[in-house]
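Descriptive analysis of the structure
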Amino acid sequence: MGTPEIEELKLLVERRYGRVLGTTTDFEEFSLHVCHQAGMRLSASTLKRLWGYVGDTHKPRTCTLDVLARYVGHKDFAAFKSWLKTSVRYNSSFFDACQLTSSGLRPGAEVEIGWSPNRLLRLAYLGGGVYEVAASANSKLRQGDRFVAGCFIKQQPLYLPYVERDGGRTAPFVAGRNGGLTIINVVGDGGE
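Read on for a plain summary of the structure. Fair warning: this is a prediction, and the values are worked out from it, not measured in the lab. (Residues numbered from 1 in each chain as written. Predicted model: local features only at pLDDT ≥ 70, side-chain atom pairs only at ≥ 80, totals over all residues. Heavy atoms only, no water.)

Details of the layout of surface pockets
For clarity, the cut-off: The rule is simple: put a 1 Å grid over the protein atoms alone, call a set of points where a 1.4 Å probe fits but cannot get out a cavity, call an open set with protein on both sides within 12 Å along at least five of seven lines a pocket, and count a residue as lining if it has an atom within 4 Å of a point. Grid points are joined across faces, edges and corners, and a volume is the space filled by probe spheres set on the points. Where helices and strands are cited, they refer to DSSP runs of H or I of at least four residues and of E of at least two residues respectively, numbered from the N terminus. Just so you know the grouping, Ala, Val, Leu, Ile, Met, Phe, Trp, Tyr, Cys and Pro go in nonpolar, Asp, Glu, Lys and Arg go in charged, and all remaining residues, Gly too, go in polar.
What the largest pocket holds in volume is close to 260 Å³. Lining the largest pocket are 13 residues, with Trp 115, Arg 119, Phe 173, Val 174 and Gly 176 positioned closest to its centre. Broken down by element, the residue count for the lining of the largest pocket peaks at three residues, all from strand β10 (residues 173–175). Classifying every residue of the lining of the largest pocket by side-chain character gives five nonpolar, five polar and three charged.

Here's what the structure looks like:
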């Protein structure tokens, strides 16, 4: 039901309100809060539909979105959408990063990655972006696990769509969810 703009508006509403809207009481209290703050009435049932708390496929009315946009400091929903398009907070951008790309490695190279609190992996690069875990300390990844990764970026999480283990594939895996990778080293270049 929601567009990316509506989803972002809901997130900012909850941030300003200081609470996640997730129960009937939350929606009723927020409805009263908005009435006092913005001088506009939004029913708890309208808010429940917008937040997906109750099943509904109706598109939200513009006047509802206008009230919420005013609540987060914009003239109306159209102004909010314009702000999103120009805000540097939401724009894609290039960034400087300490990174290791798979394309820069030769098969046989060994790579060490680590993340907090005390996770450390030694990886054997097999080529084609494929890595095999050679050694694992304090990680859920095990020796012999394989995965595909195009690059490792310091201070960014490593997202893997799956890990090949025991002839099957696991669910997606994230390493360094909080704080990202803290160690990225080539410890052997695969040369002879």
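Overview of the side chain of Asp 66
To keep it simple, the criterion reads: Exposed residues in this analysis have more than 50% of their type's maximum accessible area, buried residues have under 20%, and partly exposed residues fall in between, with area computed by a 1.4 Å probe over protein chains only. The positive count covers Lys and Arg only, the negative count covers Asp and Glu only, and His and the chain ends enter neither. The working definition used for a salt bridge is a side-chain nitrogen of Lys or Arg within 4 Å of a carboxyl oxygen of Asp or Glu. We call two residues contacting when some pair of their heavy atoms lies within 4.5 Å.
By the secondary structure assignment, Asp 66 is in helix α4 (residues 62–71). Buried charge Asp 66 goes without a salt bridge, the closest partner of opposite sign being Arg 70 at 4.8 Å. Sequence-distant contacts of Asp 66, that is, excluding residues within four places in its chain, are made with Asp 76 and Phe 77.

Here's the deal with the environment of Gly 129
Relative to the helices and strands, Gly 129 is located in the loop between β3 (119–127) and β4 (130–137). Taking the relative accessible area as the measure of exposure, Gly 129 reaches 8% and is therefore buried. It is 12 Å that separates the C-alpha atoms of Gly 129 and Leu 160, two residues lying 31 residues apart in sequence. In this structure, Gly 129 is in contact with Ser 102, Phe 147, Val 148 and Ala 149, ignoring residues within four places of it in sequence.

Some words on helix α1 (residues 4–17)
Let me state the cut-off plainly: Here, expected helix span is obtained from the residue count minus one, scaled by 1.5 Å.
Between its first and last C-alpha, α1 extends 20 Å over 14 residues, near the 20 Å set by a 1.5 Å rise per residue. Along α1, the residues that are buried comprise Ile 6, Glu 8, Leu 9, Lys 10, Leu 12, Val 13, Glu 14 and Tyr 17. Elements that come into contact with the buried residues of α1 comprise α2 (24–38), α3 (44–51), α4 and α5 (77–86). One or two steps after α1, the chain reaches Gly 18, where phi turns positive at roughly 90°.

The values reported here are purely geometric and, on their own, carry no functional implication.
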